[in-house]
Amino acid sequence: LRPATREGSAQSLFTADLLAKYRGYIKQKREEERQSEFPKGAQFIEPSIRLRIKKRAEEQSPFAKTSRGKSPQEKEEEFRTIRLKALLKEKHSFVLVADSGLGKTTLMRELQYQIITGALPTEYIPIYFHFRDLLGVFSIDALIERIKDSFPQEIPRDRKEETVYPLFRQRRFFFLLDGLDQVE
């Protein structure tokens, strides 16, 4: 083996080890939360999400305009139901909007758990943040510091440094941002 190959291979093992520790940490944390939040023996199902999608200008019909500029049948948006597995395959950002107490936080934490455990396979690494934890984050370096803080404390800081930044540059993180409605 050439040195570069060995080094690249060692880095891959290093990253895999760190991610395995992160997955174990998040899995244990979420299982503890589940035990306190839900009755023993509760069944978890894969929820569907109803998406509101704005139509692009070229998808809207140029015919039959009313005085307001739209036909009675034409809408600028449409709704589509999508399962979580399909959502992860989309290459878009999504915003989950609902009234307080309807399960947004529970859904995001469950999504993180299902990705971590492999129930929802994806190449992404889910990172959950409450929006208040990102107040004062105005740079990529500050965001990367917050990501490193998401990893277990027993992992040495230099190992996190060597792993998190390359993963960030490869766009491997799936950010779950919660609590936007609670920030003043």
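Residues numbered from 1 in each chain as written. Predicted model: local features only at pLDDT ≥ 70, side-chain atom pairs only at ≥ 80, totals over all residues. Heavy atoms only, no water.

## Let's talk about the overall build of the protein
At step 1: Summing up its helical and strand segments, the protein has 5 helices and 4 strands in all.
At step 2: Reading the protein from its N end, one meets helices and strands in the order α-β-β-α-α-β-α-α-β.
At step 3: For the protein, restricting intrachain contacts to residue pairs at least 6 apart in sequence, the fraction spanning at least 24 positions comes to 65%.
At step 4: Roughly 13,100 Å² of accessible area belongs to the protein as shown, and the carbon and sulfur atoms make up 52% of that amount. (Helix = DSSP H or I, 4+ residues; strand = E, 2+ residues; numbered from the N terminus. Contact = heavy atoms within 4.5 Å. Areas by Shrake-Rupley, 256 points an atom, 1.4 Å probe, with all protein chains shown as cover.)

## Re helix α5 (residues 157-169)
At step 1: With 13 residues, α5 ought to run about 18 Å at 1.5 Å a step, and its terminal C-alpha atoms sit 18 Å apart, in line with that.
At step 2: Turning to α5, its buried residues number three or more, namely Arg159, Lys160, Thr163, Val164, Leu167 and Phe168. Across the axial projection of α5, the buried residues extend over an arc of 130°, all falling on one side.
At step 3: Once α5 ends, the next one or two residues include arginine 171, with phi positive near 60°. (Expected span 1.5 Å × (residues − 1). Buried < 20%, exposed > 50% of the residue type's maximum accessible area, 1.4 Å probe, protein only. Arc of directions from axis to C-beta.)

## A few points about the confidence of the model for the protein
At step 1: Per-residue confidence for the protein gives a mean pLDDT of 78; residues scoring 70 or more make up 77%.
At step 2: Put simply, strand β1 (residues 48-54) is where the protein has its lowest mean pLDDT, 72, and helix α4 (residues 140-150) is where it has its highest, 93.
At step 3: Across residues 1-8, confidence stays below pLDDT 50; counting only partners more than four residues off in sequence or on other chains, it has 1 contact. (pLDDT = per-residue confidence, 0-100.)

## What about the side chain of lysine 160?
At step 1: Among the structural elements, lysine 160 can be located in helix α5.
At step 2: Buried and unpaired, lysine 160 has no salt bridge, with aspartate 149 as the nearest side chain of opposite charge at 5.6 Å.
At step 3: Beyond its immediate sequence surroundings of up to four residues, lysine 160 is in contact with Leu18, Lys148, Phe151, Pro152, Gln153 and Ile155. (Lys, Arg positive; Asp, Glu negative; His and termini not counted. Salt bridge = Lys/Arg side-chain N within 4 Å of Asp/Glu carboxyl O.)

## Some remarks on the packing of aromatic side chains
At step 1: Counted under the stated rule, the structure contains 4 aromatic pairs.
At step 2: Ring centres of tyrosine 22 and phenylalanine 151 lie 4.5 Å apart, and the angle between their planes is 35°; on these two criteria the pair is classed as tilted. Here the residue tyrosine 22 occupies a position in helix α1 (residues 3-37), and phenylalanine 151 occupies one in the loop between α4 and α5, the gap between them amounting to 129 residues. Neither residue differs from the other here; tyrosine 22 and phenylalanine 151 are each classed as buried.
At step 3: Here a set of aromatic residues connected by ring pairs shows up, and it is made of Phe129, Phe173 and Phe175.
At step 4: Note that arginine 109 overlies the ring of tyrosine 128, its terminal NZ or CZ placed 4.0 Å from the centroid. (Phe/Tyr/Trp six-rings, centres within 6.5 Å; stacked < 30°, edge-to-face > 60°. Lys NZ or Arg CZ within 6 Å of the ring centre and 35° of its normal.)

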